[in-house]
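Here is what each chain is made of, one letter per residue.
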Amino acid sequence: MKHLLSLKFIASYLLIGICGFFLISLGGSYLVEQYLERDLSDALYKEAHSIASYDTIKNNLSAKNLEEIRNPLSSLAVFQDTVIWIINCQGDVLFSTRKQIDPDSPVPLEGFDVSAWGRNYYQIGTFYGYFPNDQISVIAPITSEMTTKGYVAIHYQASALYRTRSTIMQIMLFLFFIFYAMTYLLILIYKWQIYRPLQAIIRGASEYANGNLSYNIAVKSDDELGYLANTLNYMSDELNLNGEYQRKFVSNVSHDFRSPLTSIKGYVEAILDGTIPPEFQEKYLKIIATETDRLEKLTRSLLTLNEIDIKKRMMEFRPFDINDTLKSTAAFFEGICTPRKIHLELILSGKELSVNADREKIQQVLYNLLDNAIKFSPDDSTIVMETTEKNGKVFVSVKDHGEGIPKESIPKIWDRFYKHDASRGRDRKSTGLGLSIVKEIINAHQQHIDVVSTPGVGTEFIFTLEKSH
């Protein structure tokens, strides 16, 4: 199995590191440089503007006046590591803190044009070719009586600013590498908290795909992966139980089909080869007909169960009178009950009692319950069918006075193909699917069915339906 997720995670981690390094090296360097330029130029411009405001400079740019302020300006220049100039309007340097300039021989600046600066108050360059290296230069006008007398220029070596920028960048990159190294813990967290549980889940899914439904995924965390593992474990348990149920179901179907088919085959072969004489053939043909009816009933019941499984969410709910349905179902069994002197007693709540359900399916529930009650009722007994209404629900019961169901067998009566011992001996036509069909139909209606039974006294089935308003 390819570990693509881990490779993607590690590749993303490395990509973030590379992108972060270049982002800090290039983008960070540019932003730091821009910040230092603006901050330094602002400070130098304020200093130049303050110098231009000196009365000594504003009133007279003579050599004597400028020499008077040499010492304070030189001290300021040394403190700031700058060069301070006084320039006249013609672009001649009259004073410099770095060297003595003869008042009679000022240093001219070729191409000096203050108007070319526009709104900018600083420039980076050689300042009209005077310096051999780039400088950050600011210039402030010296004004007196609304007239520009000259300019104060302050120069700072750009290389010093770049050194400061490099120092800051080294600190930033150092901190970045420390932080990036610490984020390696994310890979360890990913390995222990995500990768290993995910591997266990993948292995479990592979085991399930190979049919090993008893495999248990050992992930005990309380996060989403733990929830997924628990869900898969639950699913595998349910599938395993369902598989056992399917195997049992197939075994029961095979048994219930094999018995009548074996009887039919044996009697037919005996008739064909003359083992059964003609005068007895009618008897055994009736047995064959009985077994055929049993096969037909079993097949019909299986088809009914399959139809319910498929159409659980396609029930045709509509209002109908449950009392009328009980009457018609009871009338259907009169022909069976009369010879055995079984009396069907109806206790109905009102003339009409409307419920909201699938009439055809509920009629089948009543048919199966009443058919069951008749099978286990002794001759000359009474079966009671009753409807009552309580708290917006309609309760329907079918009660016989037969032999009852043992307590230990009650939980099993809803299982498909289950027949308790008395049933096997009493009714060979039973398929063991009647109550399963009843349970499935009631569940499809999202209602409940219960059974109360006492051996030797009788059995009562009670189910609920939604009342129609």
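Residues numbered from 1 in each chain as written. Predicted model: local features only at pLDDT ≥ 70, side-chain atom pairs only at ≥ 80, totals over all residues. Heavy atoms only, no water.

(A) Up close: the overall build of the chain. Summing up its helical and strand segments, the chain has 13 helices and 13 strands in all. Of all 469 residues assigned to the chain, the portion counted as buried reaches 40%. Of the contacts made within the chain by residues no fewer than 6 positions apart, 66% connect residues no fewer than 24 positions apart. In the form shown here, the chain has an accessible surface area of approximately 28,000 Å², with 56% of it arising from carbon and sulfur atoms. (Helix = DSSP H or I, 4+ residues; strand = E, 2+ residues; numbered from the N terminus. Buried < 20%, exposed > 50% of the residue type's maximum accessible area, 1.4 Å probe, protein only. Contact = heavy atoms within 4.5 Å. Areas by Shrake-Rupley, 256 points an atom, 1.4 Å probe, with all protein chains shown as cover.)

(B) Quick peek at the sheet that holds strand β2 (residues 92-96). Pairing in this open sheet of 6 strands is antiparallel, and the strands run β3-β2-β1-β6-β5-β4 from one edge to the other. The open sheet has two free edges, formed respectively by β3 (107-108) and β4 (122-125), since each of these has just one partner strand. Bridging between β2 and β3 involves 2 bridges; their strand directions are antiparallel. Paired with Val93 across the two strands is Val107, which belongs to β3. This element, helix α4 (residues 70-80), spans β1 (82-88), β2 and β6 (147-157) of the sheet and lies at about 135 degrees to β1. (Pairing = 2+ DSSP bridges. Axes fitted to C-alpha atoms, helices over the stretch in contact; angles between N-to-C directions.)

(C) Inspection of the pattern of salt bridges at higher detail. The final tally for this structure, using the stated rule, is 7 salt bridges. In this structure, Lys286 engages Glu282 in a salt bridge whose closest nitrogen and oxygen atoms are separated by 3.9 Å. Within this pair, Lys286 and its partner Glu282 are both found in helix α8 (residues 278-310), separated by 4 residues, close to a single helical turn. For the pair Lys286 and Glu282, a shared accessibility class is recorded, and that class is exposed. Across the pair Arg359 and Asp324 runs a salt bridge whose closest N-O atoms are separated by 3.1 Å. (Salt bridge = Lys/Arg side-chain N within 4 Å of Asp/Glu carboxyl O.)

(D) Here's a closer look at the side chain of Ser381. Inspection of the secondary structure puts Ser381 in the loop between α11 (359-375) and β10 (382-390). Engagement of the side chain of Ser381 in a polar contact is seen with the backbone oxygen of Pro378, the distance being 2.6 Å. Ser381 has contacts with Lys341, Ile342 and His343, leaving out every residue within four places of it along the chain. (Polar contact = N/O pair within 3.5 Å; in protein donor to acceptor, adjacent residues only side chain to side chain.)

(E) Spotlight on the nonpolar core. With 37 residues, the main nonpolar core has Ile322 and Phe463 as its most contacted residues. Within the residue set of this core, elements represented by two or more residues are α9 (322-332), β9 (354-357), α11, β10, β11 (393-400), α13 (434-444), β12 (449-454) and β13 (458-466). The dominant element in this core, judged by the number of residues it contributes, is α11, at 7 residues. When near neighbours in sequence (up to four residues on either side) are disregarded, Ile322 contacts Leu353, Val355, Ile362, Leu366, Thr387, Val394, Val396 and Leu465. Of all hydrophobic cores here, the second largest spans 35 residues; its members include Ala48, Ile86, Ala140 and Leu173. (Core = buried A, V, L, I, M, F, W, Y, C linked by side-chain atoms within 4.5 Å.)

(F) Up close: the sheet that holds β12. Ordered by their spatial adjacency, 5 strands build an open sheet running β8-β10-β11-β13-β12, and the pairing between neighbours is mixed. Looking at strand neighbours, the two that pair on one side only are β8 (343-347) and β12, the edges of this open sheet. Mean inter-strand twist for the sheet, computed between neighbouring axes without regard to direction, equals 15 degrees. With 6 bridges joining them, β12 and β13 adopt antiparallel strand pairing. Residue pairing in the sheet places Val451 in a bridge with Phe461 of β13.

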